[in-house]
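Architecture at a glance
Residue strings, one per chain:
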Amino acid sequence: MSILSEPGRIARGLRFRLTLIYVAFFSVLLALVGIFFVAIVRTNLDSQVRQLLDDEWVAVRGFLRIERVAGIVSPHWYFDRDDPDESLAVSRLRRVDLITDDEGRVLEVSQTYRSLGIDSPSQISSIFRQASRSQKPVWDVRTAAGGVPYLIRYGVLSQSINRKHRGFVIAIGRSLAENNQFVAKLRRNYFTALPALVFLCGLMGWFVSSRALAPVKQLAGAAARISTTNLRQPIPERGAGDELDHLIQTFNNMMERLADSFDQIRQFSTDVSHELRTPITAVRGQLEVALFTAETTDQYREAIATALEDVERLGQIVRALLLLSRAESGQLALQIVSLDLSAVVRDTVEQFEIPAESSGLQLEVDLPETCPAEVDRIQIERLVSNLLSNAVKYTPPGGCITVSLRSEGDSIRLAVKDTGQGIPPEDIPHIFDRFYRVQSADPEKGLGLGLSFVAWIVKAHNGRVLVDSELGKGTEFRVLLPVTQPVRPVPAVLADSGQGG
Ligand code: ADP
């Protein structure tokens, strides 16, 4: 049962968070776009009004003359009063206008301009100087009493009537009220529609993220359906070659490796139960026979002795398995020491002199005086002893076993060669597997674990083991070990021990 409630689960979901990021991003973006858009519209509208005032200035220059009549300087508008267009144009020009001389003496002012406040003489003088110098109009925004803003264009009419007047300042203006209303309406409409836009973006984000996350959901579903029985059923790739396909590939590879491990474990359990069942059944059989049929003490003694042999064999298997599983799981760390490998091999071979002799075998050694190496003494002894015991087991009387050691540059070559029965070529790839025994081998002769140990020991020492065998002629196991070991020996894993034939 899920510990999160449904809304809590949704709120913590990736889809919800992606949508939230999407919405936040688009809210900010749309708000910025709105602000920018309104600013651009306002600038455009204002520049239209400026353009209109520039055009009107040209008209002013056409219609207006400032003249001195009877000693009085005053503006005169010349236009055809019978022409309605001209009359309308001039009345428009004079709706918001101010005409002064260069010192600010007002010659004409419209009612509307008066409501904006007539400029002081000092302001007019400064505008006159500024406009005369730059040959450009001066702009200003003024607000009328009712709060209506006006854009005012000041221009200079350079007309010298007498010495007193160097020119005149003419201001014309237009209301910006309509523009401002339009911009305000635009802003209001845009920002009213914004929540709806953001909501739409949210919907889109929800849709897009659910599409993007669909394969992840699919992957989770497929992963949930996996059990130990269908580990090898891969999740189909989408063929998009994207990150999700890569994730599916990685996941499938991981499942493949898991399946291999499961197979190994299954195989191991089967092997172990099989190997243990045989001696247990034998012991049970012997004891039953003894119980029901034995009559004399000797018969009992014999039955118990045979049962003990089998129990001993059981003990051997269990001990070997424990050791092997500790080795494979990396719990058996190597104790690497510098030693004379020649002496170690010699000592181990000596232990086989009696068994070899009793099996009618000749045991020869070809060892250098000394052979310094960095190895784990106990494991190397076990390795030599396993190879030698196999050689003794599988070589018929009259045969010969040779143990040799050579130092070859950075590596050491240890070989155990016999003139025994040999190993069939098809069995060679399997002889290092746990419990593997060649079919023809006498089941009483071994547990099928000796070479598994050899493989692990070689691997743990970063070495290699090679097998050369010919049926009826003999077998040679060659072990190649590096003279020195890395500071930290690699964890020993039995997989692919590098054996070859
Ligand atoms: P076992 O305990 O049965 O000897 P090993 O793992 O040591 O198990 O060996 C696996 C099998 O490889 C043996 O059953 C045997 O058939 C074969 N084998 C190993 N060494 C030799 C050898 N020197 N000559 C012939 N066969 C060998």
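Residues numbered from 1 in each chain as written. Predicted model: local features only at pLDDT ≥ 70, side-chain atom pairs only at ≥ 80, totals over all residues. Heavy atoms only, no water.

On to the sheet that holds strand E12 (residues 411-418), then. Sheet strands pair by backbone hydrogen bonding; their relative direction is either parallel or antiparallel. Ordered in space as E9-E11-E12-E14-E13, the 5 strands form an open sheet in which the pairing is mixed. Each edge of the open sheet is held by one strand with a lone partner, namely strand E9 (362-366) and strand E13 (464-470). With strand direction ignored, the average angle separating the axes of adjacent strands in the sheet is 10 degrees. Sheet topology places E13 next to strand E14 (residues 474-482); 7 bridges connect them, and they run antiparallel. Of the residues in E14, the one forming a bridge with aspartate 468 is glutamate 476. (Pairing = 2+ DSSP bridges. Helix = DSSP H or I, 4+ residues; strand = E, 2+ residues; numbered from the N terminus. Axes fitted to C-alpha atoms, helices over the stretch in contact; angles between N-to-C directions.)

A separate point is unusual backbone geometry. In the Ramachandran plot, glutamine 135 falls in the positive-phi region, its phi being about 60 degrees despite a non-glycine side chain. Note on placement: glutamine 135 falls in the loop between helix H5 (121-134) and strand E5 (138-143). Residue glutamine 135 is classed as exposed on the basis of its relative accessible area of 67%. For phenylalanine 435, which is not a glycine, the phi torsion comes out positive at approximately 65 degrees. Structurally, phenylalanine 435 can be placed in the loop between E12 and helix H12 (450-460). (Buried < 20%, exposed > 50% of the residue type's maximum accessible area, 1.4 Å probe, protein only.)

Right, let's get into the domain arrangement of the chain. Domain assignment breaks the chain into domain 1 (1-216), domain 2 (243-325) and domain 3 (333-486). Computed over C-alpha atoms only, the centres of domain 2 and domain 3 are separated by 25 Å. Contact with domain 2, which involves 11 residues of that partner, is made by 11 residues of domain 3. Taken together, both faces of the contact between domain 2 and domain 3 bury some 1000 Å²; the carbon and sulfur share is 70%. Where domain 2 meets domain 3, there are 0 salt bridges. At the junction of domain 2 and domain 3, the tally comes to 0 residue pairs in polar contact (both at pLDDT 80 or more). (Domains from an automatic or database assignment. Contact = heavy atoms within 4.5 Å. Buried area = accessible area lost by both parts, 1.4 Å probe. Salt bridge = Lys/Arg side-chain N within 4 Å of Asp/Glu carboxyl O. Polar contact = N/O pair within 3.5 Å; in protein donor to acceptor, adjacent residues only side chain to side chain.)

Quick look at the sheet that holds strand E3 (residues 97-101) now. The strand order across the open sheet formed by 5 strands is E4-E3-E7-E6-E5, and the pairing between neighbours is antiparallel. Two strands close off the open sheet at either side, each with one partner strand: strand E4 (106-109) and E5. Each strand axis lies, on average, 20 degrees off the axis of its neighbour in the sheet, ignoring direction. As defined by bridge partners, E3 adjoins strand E7 (residues 168-175) across 5 bridges and the pair is classed as antiparallel. Paired with aspartate 97 across the bridge in E7 is isoleucine 172.

Let's shift gears to the side chain of arginine 142. Mapping arginine 142 onto the fold places it in strand E5. Separated by 2.3 Å, the side chain of arginine 142 and the backbone oxygen of glycine 117 make a polar contact. Of the polar contacts made by the side chain of arginine 142, one reaches the side chain of tyrosine 154; its length is 2.8 Å. In contact with arginine 142, not counting residues within four places along its chain, are Tyr113, Leu116, Gly117, Ile118, Asp119, Val148, Pro149, Tyr150, Ile152 and Tyr154.

Here we take up a negative patch on the surface. Residues Asp347, Glu350, Glu353 and Glu357 make up a contiguous surface patch of negative charge. Tracing the sequence through the fold places aspartate 347 in helix H9 (residues 341-351). (Patch = residues over 30% accessible without salt bridge, like charges linked within 9 Å, V, L, I, M, F, W, Y side chains within 5 Å. Areas by Shrake-Rupley, 256 points an atom, 1.4 Å probe, with all protein chains shown as cover. Lys, Arg positive; Asp, Glu negative; His and termini not counted. Charge placed at Lys NZ, Arg CZ, Asp CG, Glu CD.)

This brings us to the pattern of salt bridges. Across all of its chains, the model carries 18 salt bridges by this definition. Of the charged contacts in the structure, one is a salt bridge between glutamate 470 and lysine 473, with a shortest N-O distance of 3.9 Å. Residue lysine 473 is classed as exposed on the basis of its relative accessible area, which comes to 58%. In the salt-bridge network here, residues are joined through shared partners; they are Arg232, Glu256, Asp260, Asp263 and Arg266.

Attention shifts here to the pairing of E4. Note on strand geometry: in a regular strand, side chains alternate between the two faces of the sheet. One ladder, built from 3 bridges, connects E3 with E4; its direction is antiparallel. Its bridge partner lying in E4, threonine 100 is registered against valine 106. Remark: 4 residues form the turn of the hairpin made by E3 and E4, two consecutive strands paired antiparallel; glycine 104 in that turn has positive phi of roughly 95 degrees.

Between helix H2 (residues 14-63) and helix H6 (residues 177-225), the least distance of the axes is 8 Å, while the angle of their chain directions is 155 degrees. Considering their axes alone, H2 and H6 lie roughly antiparallel with respect to each other. H6 is crossed by H2, and the crossing has right-handed handedness. Considering only residue class, the contact of H2 with H6 consists of 27 nonpolar, 9 polar and 4 charged. (Parallel < 35°, antiparallel > 145°, perpendicular 65-115°, else oblique. Left-handed = near helix turned anticlockwise from the far one by under 90°. Nonpolar A, V, L, I, M, F, W, Y, C, P; charged D, E, K, R; others polar.)

Mapped onto the elements, leucine 471 comes out in the loop between E13 and E14. For the pair leucine 471 and glutamate 56, spaced 415 residues apart in the sequence, the C-alpha separation amounts to 117 Å. Residues within four places of leucine 471 in sequence aside, it is in contact with Gln421, Gly422, Ile423 and Pro424.

Moving on, we get to the nonpolar core. Inside soluble globular proteins, nonpolar side chains tend to come together where they are buried. Of all hydrophobic cores here, the largest spans 56 residues; its most connected members are Leu341, Val345, Leu383, Phe432 and Phe477. Examining the composition of this core, we find that 8 residues originate from one element, H12, more than from any other. Among the domains, domain 2 (243-325) and domain 3 (333-486) are the pair contributing at least three residues each to this core. Ignoring anything within four residues of it in the chain, the contact list for valine 345 reads Leu367, Val384, Val403, Leu405 and Leu414. Formed by 19 residues, the second largest nonpolar core is a distinct cluster that contains Leu53, Leu64, Val90 and Leu157. (Core = buried A, V, L, I, M, F, W, Y, C linked by side-chain atoms within 4.5 Å.)

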